[in-house]
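Secondary and tertiary structure notes
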Amino acid sequence: MQDTNDMLYFAEVAERGGFAAAGRYLGVPKSKLSRRVAELEARLGVRLLQRTTRKLSLTEVGEVYLRHCLAVRDAAEAAHEAVEQVQTEPRGTIRVSCPITLAQTSIGALVPLFMARYPLVKVDMRVQNRPVDLVEEGIDVALRVRASPDISGSLVVKPLARSQTCLVASPALLKRHGPRNTVQDLEAMDAVDMSATDGKAQLILIGPSGEAVILVTKPRYVANDLLTLKFAILQGTGFGLLPADLCATELANGQLQLVLPGWAPREGMFHAVFPSRRGMVPAVRRFLDFLAEHLGPEGMLQPGTA
């Protein structure tokens, strides 16, 4: 099988009229070019170049061979340009895992905008609240909200935004339970939560001065879906914790109120994890950049109204 590098070396020498000029263009020593072309001639069993002290010229067979070498060079350059085009024009399918509430708010509103910008990209989104094994399940990107980014030696973590949660209730519930001045005052209030152990749920709240206090509640209503809990909170079933982007509209119009202003859980981190930076396809890279681009001020997750 022919060494295509030798064919390209020969083509440059022939087109530029000598080894020195070709060497300067390719960044290859003149002696190496001369040796490689001589080895090419030996393998072919023909002389491609006529060498004299004054000039270099092609033999008849060299002229024929040069045309084929130029075709190989042009094809190689076209292949390189095709790869660059693919890299600059994202295409293909992105497989994404996303928590349910995140998909129903911020991400659900952003994905159609992303797909409109990049019409050659398809998105296969798995909306689920369970942890996924990215490699085993063939997931390109998993979107997560945690107290701190996931750390794994086999995964790359890309922080995207800070995520704030709020302790909220309906005005009717707050009126029914009366004044609230301390975290302990909340323990007697009706509550809802995503989970409970032996009928109790715990939450760490951070106060205005940075102090941390554990709130223990006995939820009346337990449901492992935040949108479901939001309906219950709006109806006055109990107070509960909701992502800021899920209750921003209701807080603004008065349907919900903060239970104890100045107190809230620590901010979470919205981040993406993916198997490796090496070989990341352009569509995935653009998807992550798009999410970061559309975050709200100061890197906060915003309501899904992008």
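A brief report on the enclosed structure follows. Computed from a prediction, not measured in an experiment: that's the story for all the values here.

Cut-off values and rules
- Residues numbered from 1 in each chain as written.
- Predicted model: local features only at pLDDT ≥ 70, side-chain atom pairs only at ≥ 80, totals over all residues.
- Heavy atoms only, no water.
- Helix = DSSP H or I, 4+ residues; strand = E, 2+ residues; numbered from the N terminus.
- Expected span 1.5 Å × (residues − 1).
- Buried < 20%, exposed > 50% of the residue type's maximum accessible area, 1.4 Å probe, protein only.
- Pairing = 2+ DSSP bridges.
- Axes fitted to C-alpha atoms, helices over the stretch in contact; angles between N-to-C directions.
- Contact = heavy atoms within 4.5 Å.
- Core = buried A, V, L, I, M, F, W, Y, C linked by side-chain atoms within 4.5 Å.
- Arc of directions from axis to C-beta.

1. Looking at helix H11 (residues 282–293)
- Its 12 residues place the ends of H11 16 Å apart at the C-alpha level, agreeing with the 16 Å of an ideal helix rising 1.5 Å per residue.
- Among all positions of H11, only Pro 282, Ala 283, Val 284, Phe 287, Leu 288, Phe 290 and Leu 291 are buried.

2. Observations regarding the sheet that holds strand E5 (residues 141–146)
- Within the open sheet, the 5 strands sit side by side as E4-E3-E5-E14-E6. Their pairing is mixed. With partners counted over all chains shown, the strands left at the sheet margins are strand E4 (121–127) and strand E6 (156–163), one partner each. Sheet twist, expressed as the mean angle between neighbouring strand axes with direction ignored, is 20°.
- With 7 bridges connecting them, E6 and strand E14 (residues 268–274) associate as antiparallel partners. In the sheet register, Lys 158 faces E14, and the bridge partner there is Ala 272.
- Taken strand by strand, H11 contacts strand E3 (92–98), E4, E5, E6 and E14, and its axis lies near 20° from that of E6.

3. Comments concerning the nonpolar core
- In terms of nonpolar packing, the biggest core is built from 26 residues, with Ile 94, Ile 107 and Leu 143 touching the most fellow members.
- Counting only elements with at least two residues in this core, the list comes to E3, helix H5 (100–104), helix H6 (106–117), E5, E6, E14 and H11.
- The greatest single-element share of this core, amounting to 6 residues, is contributed by H11.
- Each residue touching Ile 107, except ones within four places of it in the same chain, is listed here: Cys 98, Leu 102, Met 125, Leu 143, Phe 270 and Leu 291.
- Counting 17 residues, the second-largest nonpolar core is a separate cluster that includes Met 7, Phe 19, Leu 40 and Cys 69.

4. Here's the deal with H6
- In a regular helix each residue adds 1.5 Å, so 12 residues correspond to 16 Å; H6 covers 17 Å between its end C-alpha atoms and thus fits that length.
- Within H6, burial applies to Ser 106, Ile 107, Leu 110, Val 111 and Phe 114. All buried residues of H6 fall inside an arc of 115° around its axis, so they share one side.

5. Notes on the sheet that holds strand E13 (residues 257–258)
- Across the sheet, 3 strands lie side by side as E12-E7-E13; this open sheet has antiparallel pairing. Each edge of the open sheet is held by one strand with a lone partner, namely strand E12 (240–243) and E13.
- Bridging between strand E7 (residues 165–169) and E12 involves 4 bridges; their strand directions are antiparallel. Among the inter-strand pairings, Thr 165 is bridged to a residue of E12, identified as Pro 243.
- In this fold helix H9 (residues 226–234) packs onto E7 and E12, with an angle of close to 125° to the strand it touches most, E12.

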